[in-house]
Each structure stands twice: as C-alpha cells, then as structure tokens.
Amino acid sequence: MDRSTPYRGLILDFAGVLTVGVLETHRIWCREQGLDPEAWRSTLNDNPEGRALYAALEIGQISQAEWNMRTAPLLGVSDGENLMGRAWAGVQPAADMIELARAARSAGLTVALLSNSFGLQPYDPYATLGVWDLVDVALVSEREQVAKPDPEIYRRCLERIGLPGEACVFVDDHPANLPPAEALGITTVHADGQGDTVAQVAALLGLRPTKRI
C-alpha cells in the first residue's frame, strides 16, 4: 500500500457493491414464476404495502420468514417458503470488489460491511456469498434496528472500526446513502454500475488494481 494515502478503513455496502446482477436475476426469477419481469422491483418499491413490509424487514421489525409469507401474495406467487432465498439464488459475488477488499485487509486497512439487510433466516445472503469472512466489522440494519441513510448507523460504524470519518472510504450503489457519510468526513464512491468503481477505490486506497479492473 502507498503509505501516503490518508485512508485506513474501507466501508462497503452489500447489494450492488459486493454483488452483481441483482436486478437481472430478479427479472429472470419473475419470468420463471410466470410474473411480469418487473414484479419484484415494483412490489418492493411501488406497492405501498410491499414497500412498508420491506422497510420493516430492514430494521428487524418483522422476520424474513414473516416477510416471505406476507409478500408472496403481493407478488402473485402461491408459495412463500424461503421466498427471499429463491429470488436471490442466482445473484453472483462481485469478484473484483471482493478481491479489492481482500487486498485492503492484507495491506492493513480495516474493512467493514454497512448493509441495509433483508433478513438472515432462513436465507442469509452474507453467508451464501462469503461476506462474513471478508470483513473485520459488520453492521447490518436488522441487527442495528436502524437503516441507511439514518446518520446513526454511520456513526456506529465509525465507532466499531475505531477510525475517524476522514480515514475511511465508503462505497454504496444508492446516491441517497452517500451524503450522511460525507457529513461525517467519509470519502464516498458511488457504485453506479459503470465499471470503474473498483479502480476508483483502489486509487484512493493506494492499492494496485486487480487484474480484472
């Protein structure tokens, strides 16, 4: 690592940062169920009841199992058993970002997960994609009972990793999640799907890009 870099911590979102192909995977799953390809997205984001259920799931007010059973009829599927796990089954890890996270840890940086979660039981997405072993500190909204962009979860993250905001880089795919981090002095990178996110983060951290960048 280039020791002139001021950064000692890397904070990563999960979906859209440590994973790839989420939207397309959900579209494929919907087609397989005989649904409109946008049914998953519209149910969770546009349907008022679906949106409220997902918000409750994020902060642990309802379990994933309850969410599965209550969301299935909104989607138009008859079987709610492990609904989240079935819809997420095809999502793949973002190999380049994962390699960068490993390189950051090897270089002595603290790597943290800061994720708005969608339940841990019966389907644990972090275990499925090997994220627990990738990070030093993990904050997921279900356990914290607070979700991004609430400033409190960012403050907790800095406390857990023991670093000031100015020493950290935060990567997230939702623009709304970046300003609260910036207010704490954290340098932010928007994972906008354009393909250069890993290179941007590597440059900030003074790390050599992986071969896939």
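Preceding this section is the structure that the text describes.
Calculation notes
Residues numbered from 1 in each chain as written. Predicted model: local features only at pLDDT ≥ 70, side-chain atom pairs only at ≥ 80, totals over all residues. Heavy atoms only, no water. Helix = DSSP H or I, 4+ residues; strand = E, 2+ residues; numbered from the N terminus. Contact = heavy atoms within 4.5 Å. Pairing = 2+ DSSP bridges. Axes fitted to C-alpha atoms, helices over the stretch in contact; angles between N-to-C directions. 1 Å grid on protein atoms, 1.4 Å probe; cavity = no way out; pocket = protein on both sides within 12 Å on 5 of 7 lines; lining within 4 Å. Points joined across faces, edges and corners; volume = space filled by probe spheres on them. Nonpolar A, V, L, I, M, F, W, Y, C, P; charged D, E, K, R; others polar. Expected span 1.5 Å × (residues − 1). Buried < 20%, exposed > 50% of the residue type's maximum accessible area, 1.4 Å probe, protein only. Phe/Tyr/Trp six-rings, centres within 6.5 Å; stacked < 30°, edge-to-face > 60°.

Chemist: Describe the environment of asparagine 177, with residues and values.
Modeler: With respect to the helices and strands, the residue asparagine 177 is situated in the loop between β6 (168–172) and α10 (179–183). Once residues lying within four places of it in the same chain are set aside, the contact partners of asparagine 177 are Lys148, Pro149, Tyr154, Phe170 and Asp172.

Chemist: Tell me about the sheet that holds β6, and name the residues and values.
Modeler: What the five strands build is an open sheet, ordered β5-β4-β1-β6-β7; its pairing is parallel. The strands lining the two open edges of the sheet, one partner per strand, are β5 (137–140) and β7 (187–190). When strand polarity is set aside, the average angle formed by the axes of neighbouring strands in this sheet is 20 degrees. Pairing analysis gives four bridges linking strand β1 (residues 9–12) to β6, with the strands arranged parallel. Note that in β6 the partner of leucine 10 across the bridge is valine 169. Here helix α11 (residues 197–205) sits on the sheet and contacts β1, β6 and β7; the angle it forms with β7, its principal contact strand, is near 160 degrees.

Chemist: Could you give an account of the layout of surface pockets, naming the residues involved and the relevant values?
Modeler: The calculated volume of the largest pocket comes to roughly 1200 Å³. Forming the boundary of the largest pocket are 47 residues, of which Asp13, Ala15, Gly16, Asp173 and His174 lie nearest the centre. At the level of elements, β2 (19–20), α1 (22–32), α2 (39–45), α3 (48–58), α5 (83–88), α6 (95–106) and α11 are the ones that each hand at least two residues to the lining of the largest pocket. In terms of residue class, the lining of the largest pocket is made up of 23 nonpolar, 14 polar and ten charged.

Chemist: Got a sec to walk through α6? Specific residues and values, please.
Modeler: With twelve residues, α6 extends 16 Å between its outermost C-alpha atoms, agreeing within 8% with the 16 Å of an ideal straight helix rising 1.5 Å per residue. All of the buried residues in α6 are Asp96, Met97, Ile98, Leu100, Ala101 and Ala104. Against β1, β3 (92–93), β4 (110–115), β6 and α11 lie the buried residues of α6. Where α6 terminates, the next one or two residues include glycine 108, which has phi positive at roughly 100 degrees.

Chemist: Go over empty space enclosed by the protein, please, and point to the residues and values.
Modeler: A full pass over the atoms with the stated rule returns two cavities of 30 Å³ or more. Taken as a whole, the largest cavity holds about 50 Å³ of empty space. If you trace the largest cavity, you find it lined by Leu23, His26, Arg27, Pro37, Glu38, Trp40 and Arg41. When residues of the lining of the largest cavity are traced back to their parent elements, those giving at least two are α1 and α2. Per-element accounting of the lining of the largest cavity gives the leading share, three residues, to α1.

Chemist: If you had to explain the side chain of histidine 26 to someone new, which residues and values would you point to?
Modeler: If you trace the backbone, histidine 26 turns up in helix α1. Residues contacting histidine 26, with those up to four places away along its chain left out, are Pro37, Trp40, Ala87 and Trp88.

Chemist: Can you explain the packing of aromatic side chains? Please cite residues and give values.
Modeler: The tally for this structure, following the rule as stated, stands at nine aromatic pairs. Between the aromatic rings of phenylalanine 14 and phenylalanine 118, the centroid separation amounts to 6.4 Å while the plane-to-plane angle is 40 degrees, which identifies the pairing as tilted. Taken together, the positions of phenylalanine 14 in the loop between β1 and β2 and phenylalanine 118 in the loop between β4 and α7 (125–128) put the pair 104 residues apart, joining distant regions of the chain. Considering the side-chain rings of tryptophan 88 and phenylalanine 118, the 4.6 Å spacing of their centres and the 25 degrees angle between planes classify their relative orientation as stacked. On the criterion of sequence distance, the pair formed by tryptophan 88 in helix α5 and phenylalanine 118 in the loop between β4 and α7 is long-range, its members being 30 residues apart. The pair formed by tryptophan 88 and phenylalanine 118 is uniform in burial state, with each residue classed as buried. Feature note: the residues Phe14, Trp88, Phe118, Tyr126 and Trp132 constitute an aromatic cluster, connected by ring pairs.

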